[in-house]
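So you can see what is in the structure, the chains are spelled out below.
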Amino acid sequence: MSARVSVIIPNLNMGRFLPEALASIARQAVPVSEILIIDASSSDDSLAVIAGLAGADPRVRLLHSEAPNPSGVRNLGLAAATGEVIAFLDADDLWPADKLARQLTRLDAEPAVSVVSGFVQYFDRLDRERLAPAADSRVETLFHVHLGAALFRRSVFDAVGGFDEALRYSEDVDLLLRIREEAIPMTILRARTLYYRRHDDSLMAQADPAKERDFKRTLAGSLMRRRRKGQVMPLAPFETLIEPEYHAD
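Note that the coordinates shown come from a computational prediction; the quantities given were computed from them, not determined experimentally.

This paragraph deals with the overall build of the protein. Counting its secondary structure elements, the protein contains seven helices and 10 strands. Taken over the C-alpha trace, the protein has a radius of gyration of 17 Å; the compact-globule value for 249 residues is 18 Å, and the two agree within 12%. Along the first, second and third principal axes, the C-alpha set of the protein runs to 55 × 40 × 40 Å. Taking all 249 residues of the protein together, the buried fraction comes to 53%. A separation threshold of at least 6 residues defines the contact pool for the protein, and within that pool the share at least 24 residues apart is 79%. Approximately 11,600 Å² of the protein is accessible, and the part contributed by carbon and sulfur atoms is 55%. Computed over 31 positive and 36 negative side-chain charges, the inter-centroid distance for the protein is 4 Å.

Let us now look at the pattern of salt bridges. Counted under the stated rule, the structure contains 20 salt bridges. Between E171 and R74 there is a salt bridge, with its nearest N and O atoms 2.4 Å apart. Here the residue E171 occupies a position in helix α6 (residues 171-181), and R74 occupies one in helix α3 (residues 70-80), the gap between them amounting to 97 residues. Summarising the burial analysis for this pair, E171 and R74 share the class buried. E110 serves as the salt-bridge partner of R106, at 3.7 Å between the closest nitrogen and oxygen. Judged by relative accessible area, which is 9%, R106 ranks as buried. Among the residues examined, E110 registers a relative accessible area of 32% and is labelled partly exposed.

A few words now on unusual backbone geometry. For S41, which is not glycine, the phi dihedral falls at a positive 60°. Here S41 is to be found in the loop between β2 (34-39) and α2 (46-56). The exposure class of S41 is exposed, given its relative accessible area of 52%. Positive phi outside glycine occurs at L131, with the angle close to 50°. Examined against the element boundaries, L131 turns out to sit in the loop between β6 (126-127) and β7 (132-133).

On to the pairing of strand β5 (residues 115-123), then. Among the nine residues in β5, nine count as buried, and that is most of the element. Two strands pair when backbone bridges link them, and β5 and strand β9 (residues 151-153) are joined in this way by two bridges, in the antiparallel orientation. Among the inter-strand pairings, V115 is bridged to a residue of β9, identified as F152. The sheet contact formed by β5 and strand β8 (residues 140-142) spans three bridges and is antiparallel. Directly across from Y122, in β8, lies its bridge partner E140.

Here we come to the packing of aromatic side chains. Aromatic rings in a pair are described by how distant their centres are and how their planes are angled relative to each other. For the coordinates displayed, the defined rule picks out seven aromatic pairs. An angle of 80° between the planes, with centres 5.6 Å apart, marks the rings of F88 and F163 as edge-to-face. Residue F88 is located in strand β4 (residues 85-88), and its partner F163 is located in the loop between α5 (154-160) and α6; the two are separated by 75 residues in the primary sequence. Since its relative accessible area comes to 1%, F88 is described here as buried. On the numbers, 5.4 Å between centres and 50° between planes, the contact of F152 with F157 is tilted. By the burial criterion, F152 is buried, and F157 matches it. In this structure, R74 packs its charged tip against the face of F163, placed 6.0 Å from the ring centre.

With that settled, the discussion passes to helix α4 (residues 99-109). Most of α4 is tucked away, with eight of its 11 residues classed as buried. Among the residues making up α4, those that are buried are K99, L100, A101, R102, Q103, L104, R106 and L107. The secondary structure elements touched by the buried residues of α4 are β1 (5-11), β4, β5, β9 and β10 (186-197).

Within soluble globular proteins, side chains that are nonpolar tend to cluster in buried spots. Within the largest apolar cluster, 36 residues are counted, with the highest numbers of intra-cluster contacts made by V7, I9, L18 and I35. Those elements that place two or more of their residues in this core are β1, α1 (18-26), β2, α2, β4, α4, β5 and β10. Among residues more than four places away in sequence, those in contact with L18 are I9, N11, I37, V49, I50, L53 and A91. Counting 31 residues, the second largest nonpolar core, distinct from the first, contains L36, L176, I179 and M186.

Scoring rules and cut-offs
Residues numbered from 1 in each chain as written. Predicted model: local features only at pLDDT ≥ 70, side-chain atom pairs only at ≥ 80, totals over all residues. Heavy atoms only, no water. Helix = DSSP H or I, 4+ residues; strand = E, 2+ residues; numbered from the N terminus. Rg over C-alpha atoms; globule rule 2.2 N^0.38 Å. Buried < 20%, exposed > 50% of the residue type's maximum accessible area, 1.4 Å probe, protein only. Contact = heavy atoms within 4.5 Å. Areas by Shrake-Rupley, 256 points an atom, 1.4 Å probe, with all protein chains shown as cover. Lys, Arg positive; Asp, Glu negative; His and termini not counted. Charge placed at Lys NZ, Arg CZ, Asp CG, Glu CD. Salt bridge = Lys/Arg side-chain N within 4 Å of Asp/Glu carboxyl O. Pairing = 2+ DSSP bridges. Phe/Tyr/Trp six-rings, centres within 6.5 Å; stacked < 30°, edge-to-face > 60°. Lys NZ or Arg CZ within 6 Å of the ring centre and 35° of its normal. Core = buried A, V, L, I, M, F, W, Y, C linked by side-chain atoms within 4.5 Å.

Below, the structure is given as C-alpha cells:
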C-alpha cells in the first residue's frame, strides 16, 4: 500500500461540510499524498474554510475553476494530481474509516484490477464524533455509481480520458461506461466505501430536466461507441461485478 494517492474534491458553496470531509480523510489508516480542493467560484465562506484547512494540513492545495459543470472541475483536479492512485470525494460526503486500507489492499493483491469500488451508505444526519451516520439518521446502503466510493489507478484516465465536460449530470456514469467498454478490470467490494449525505442544497437534490437528458445521453453514447467497434452484446450490469462475499482484507 505504498502508492501515492491523490484526492480530488470539487467544491461549490459547501464550506460548512468541508471540515468533516477532510476529517474523514485524515482518519484513514493509510495516508494520502495530496488533497486537491477545486473551488468553483463559491460565494459562501468556502475560501476561508479551505485556507484554514490548508494551514493545518500541508497536503491540502486550493485550485480555482470557472468550469460550468462538475466534470470540468474534476478534470482540473486530474490534470494537477500527481498520484498513482486517484480518489474522489465530494465536499459534502465522507469516507468510512477503513475505505483506503480496504481498497488499496485489493489493488495491491490484484495488479490487473484498475478500479475498486464499493457500496454507498446514504444518510441525512451525521454523528460528528464518529464521522458516520447518526443513530437516528435515515440510512440506505446499496451499490450505485458514485466516484467517491471508488479508487482508480491513474492509468485508467490515461486509457479512457477524463470527464465529458458537456455533461452537467451523469459524468460519473459516462466514465464508468467507457471503462467497461475498454474491458478495464474493475471490482466492487461488498463493503461500505462512501457515506453520501442527503441534503436540500445538493446538486442532485435540485429539480432539473437535464438530469434525465444527460443520463440518456450517456447511455446513447455508450451504445454508439460499441456499435462502431462491432460490439453487439450489451454490457453486463454493474451489479455483476460485485464480489460474492464480504472480505475483511
